[in-house]
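# Chain and residue survey
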Amino acid sequence: METITRTKPNRNKQVISKLGFLYSIFVDNHIPPYYQEAIVNTLDNNYIKLPIDQAPIKGKNGIDVVPNIPDYLTAPLNIGDAGFKCTRVRQYQGYLVHLKGGIDCKSYLAEQLSKRNIKNLYAKQRKLEAGHKISYIFHYGDIAKDHYDFLFTEFYTMLKRRFLEKRMYNNNLLNWKFYYDLAYQMILEKKASLFVIYDGQKPVTMTLNFHLRDIVFSYIQTYDIDYSSYNMGDISMVKHIEWCKENNFSVFDLAMGQTDYKLKWCNHIYNFEHHIFFNGSSSFSSVKSYILSQKLRLRQYLRDRDIIGKKFQMDKFLFKRRVKRLNNFNWKES
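Since the model is a prediction, treat every value here as computed from it, not as a measurement.

### Some thoughts on the overall build of the chain
When helices and strands are tallied, the chain shows ten helices and twelve strands. Over its C-alpha trace the chain gives a radius of gyration of 21 Å, about what one expects of a compact globule, namely 20 Å for 334 residues. A principal-axis box enclosing the C-alpha atoms of the chain has dimensions of 70 × 50 × 40 Å. Scored against the burial criterion, the 334 residues of the chain give a buried share of 49%. The long-range fraction of contacts in the chain, counting pairs at least 24 apart against all pairs at least 6 apart in sequence, stands at 75%. Surface exposure of the chain reaches about 16600 Å², of which carbon and sulfur atoms provide 49%. Here the chain contributes 50 positive and 32 negative side-chain charges, whose respective centroids are spaced 8 Å apart.

### Overview of the side chain of Asn209
Considering the arrangement of structural elements, one finds Asn209 in strand 9 (residues 202–212). For Asn209, the side chain forms a polar contact with the side chain of His240, separated by 3.1 Å. Sequence-distant contacts of Asn209, defined by excluding residues within four places in its chain, comprise Phe138, Lys191, Ala192, Ser193, Val216, Phe217, Ser218, Tyr219, His240 and Phe252.

### A word on the sheet that holds strand 6 (residues 84–98)
The mixed open sheet is built from eight strands, whose spatial order is 4-12-6-11-10-9-8-7. Each having just a single partner strand, strand 4 (63–70) and strand 7 (134–139) make up the two edges of the open sheet. Across the sheet, the mean angle separating the axes of adjacent strands is 30 degrees when strand polarity is ignored. Relative to strand 12 (residues 268–279), strand 4 is paired through six bridges, and the arrangement is antiparallel. Its bridge partner lying in strand 12, Ile69 is registered against Glu273. Running at roughly 100 degrees to strand 8 (residues 192–199), helix 6 (residues 176–188) makes contact with strand 7, strand 8, strand 9 and strand 10 (215–223) of the sheet.

### Section: the environment of Phe26
Among the structural elements, Phe26 can be located in helix 2 (residues 21–27). Residue classification places Phe26 among the buried residues on the basis of a relative accessible area of 2%. Separated by 184 residues in sequence, Phe26 and Phe210 have C-alpha atoms that sit 6.3 Å apart.

### Examining the pairing of strand 3 (residues 46–49)
Bridge count for strand 2 (residues 38–41) against strand 3 is four bridges, and the pairing is antiparallel. Bridging across to strand 3, Asn41 finds its partner in Asn46.

### Thoughts on the confidence of the model for the chain
A residue-level look at the chain finds 94% of positions with pLDDT of 70 or above and a mean pLDDT of 89. Across residues 1–9, where pLDDT falls below 50, the model places 30 contacts with residues more than four positions away in sequence or in other chains.

### Some thoughts on unusual backbone geometry
Unusually for a residue other than glycine, Asn29 sits at a positive phi of about 55 degrees. Structurally, Asn29 is set in the loop between helix 2 and strand 2. When its relative accessible area of 1% is taken as the criterion, Asn29 is described as buried. Located in the positive-phi region is Asp306, a residue other than glycine, with phi close to 60 degrees. As for its position among the elements, Asp306 is in the loop between helix 9 (283–304) and helix 10 (314–327).

### Structural notes on helix 9
One turn of the α-helix equals 3.6 residues, which is why residues spaced by three or four share an orientation. Helix length check: helix 9, at 22 residues, gives a terminal C-alpha distance of 31 Å against a target of 32 Å (1.5 Å per residue), a fit within 8%. Listed in full, the buried residues belonging to helix 9 are Ser285, Ser289, Ser293, Leu296, Gln300 and Arg303. Along the axis of helix 9, the buried residues cluster in a sector spanning 70 degrees; they form a single face. Away from its buried face, by an angle of more than 90 degrees, helix 9 presents the exposed residues Ser283, Phe284, Val287, Tyr290 and Lys295. Elements in contact with the buried residues of helix 9: strand 4, strand 6 and strand 12. Taken from the residues just after helix 9, Asp306 is the one with a positive phi, measuring 60 degrees.

### Here's the deal with helix 5 (residues 145–166)
For helix 5, which comprises 22 residues, the first-to-last C-alpha distance of 31 Å matches the rise-based estimate of 32 Å (1.5 Å per residue) to within 8%. Tyr148, Leu151, Phe152, Phe155, Tyr156, Met158, Leu159, Lys160, Arg162 and Phe163 are the residues of helix 5 that are buried. Tucked into the core, helix 5 has its buried residues touching strand 7, helix 6, strand 8, strand 9, strand 10 and helix 10. Just beyond helix 5, the residue with positive phi is Arg167, at close to 55 degrees.

### Observations regarding a nonpolar patch on the surface
Side chains of Ile307, Ile308, Phe312, Met314 and Phe317 sit close together on the surface and give an oily, nonpolar patch of about 390 Å² of accessible area. By secondary structure assignment, the location of Ile308 is in the loop between helix 9 and helix 10.

### Describing the packing of helix 5 against helix 10
Following both chains from N to C, one finds helix 5 and helix 10 inclined at 145 degrees, their axes separated by 12 Å at the closest point. In the crossing of helix 5 with helix 10, the sense of the turn from one axis to the other is left-handed. Listed contacts from helix 10 to Tyr156, Lys160, Phe163 and Leu164 of helix 5 are Phe319, Val323, Leu326 and Asn327. Taken together, the residues of the contact of helix 5 with helix 10 break down into six nonpolar, one polar and one charged.

Calculation rules
- Residues numbered from 1 in each chain as written.
- Predicted model: local features only at pLDDT ≥ 70, side-chain atom pairs only at ≥ 80, totals over all residues.
- Heavy atoms only, no water.
- Helix = DSSP H or I, 4+ residues; strand = E, 2+ residues; numbered from the N terminus.
- Rg over C-alpha atoms; globule rule 2.2 N^0.38 Å.
- Buried < 20%, exposed > 50% of the residue type's maximum accessible area, 1.4 Å probe, protein only.
- Contact = heavy atoms within 4.5 Å.
- Areas by Shrake-Rupley, 256 points an atom, 1.4 Å probe, with all protein chains shown as cover.
- Lys, Arg positive; Asp, Glu negative; His and termini not counted.
- Charge placed at Lys NZ, Arg CZ, Asp CG, Glu CD.
- Polar contact = N/O pair within 3.5 Å; in protein donor to acceptor, adjacent residues only side chain to side chain.
- Pairing = 2+ DSSP bridges.
- Axes fitted to C-alpha atoms, helices over the stretch in contact; angles between N-to-C directions.
- pLDDT = per-residue confidence, 0-100.
- Expected span 1.5 Å × (residues − 1).
- Arc of directions from axis to C-beta.
- Patch = residues over 30% accessible without salt bridge, like charges linked within 9 Å, V, L, I, M, F, W, Y side chains within 5 Å.
- Salt bridge = Lys/Arg side-chain N within 4 Å of Asp/Glu carboxyl O.
- Left-handed = near helix turned anticlockwise from the far one by under 90°.
- Nonpolar A, V, L, I, M, F, W, Y, C, P; charged D, E, K, R; others polar.

Here is the structure:
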């Protein structure tokens, strides 16, 4: 059982709300109130011990929501005799690579992809390496601050250009200063890594990962759209699987959101849950929690019927409303 020490990043309510439970364990290194101090990665039956966040719980008539709990991480409740109850609501699906039994990258590819896909993947990689000065670097445990500053500026530029091309909103862009302030110390402490594919000195693919014991959580990924013909996402995935194997990580989690890319690569699909805590002895608290749970279930029903996510895409809707702000945004001054 492993005990993780705490790092205190700057607070950002939007990011914390988006990540929820994931922020607590990967970034804040605490278990939220209402849970026991040990969680279990049920894929490998590994225990992770974290201190309990001592934040105050809601009052008699309030409710509290802990969002985005992956169902492969079991977090036993600890609500004692305070009269609190918990309603669990299934939400969107998540996707991950599980290196079962220590399987290596070559064997994983053979299980996951067709021979034709594997042949095409390596052909693209050979073409990339033949035409460019390519190197693959995981910044993990060590990175010079000036180089980190350079990479995060390039990371932002690539991510912004990619989503302007897609005409989709990415809320990480408007929170970039928060990630810049957060990730440097986490990389030095091996709580995060920054994977970069370089063409000479120029980064052309980048991924920010968070780490917790045997789990690598892939949080932000992008690439230079001038290199689209090389299928940079597939090459990055191969390098991540190789690195996870070499460094004893058994789970590479690509998080929520269904894409063809995730369906192609992932061998385990899981559900996220929102947990709603309320005072069972309070009628007001009980009714309030019930209304919220029904709203969440309705939202998920619309996702399951492809109404939200396909027929209606919030990221495209928000892009139209916020593209001017994004174009005028300077993350270094935010």
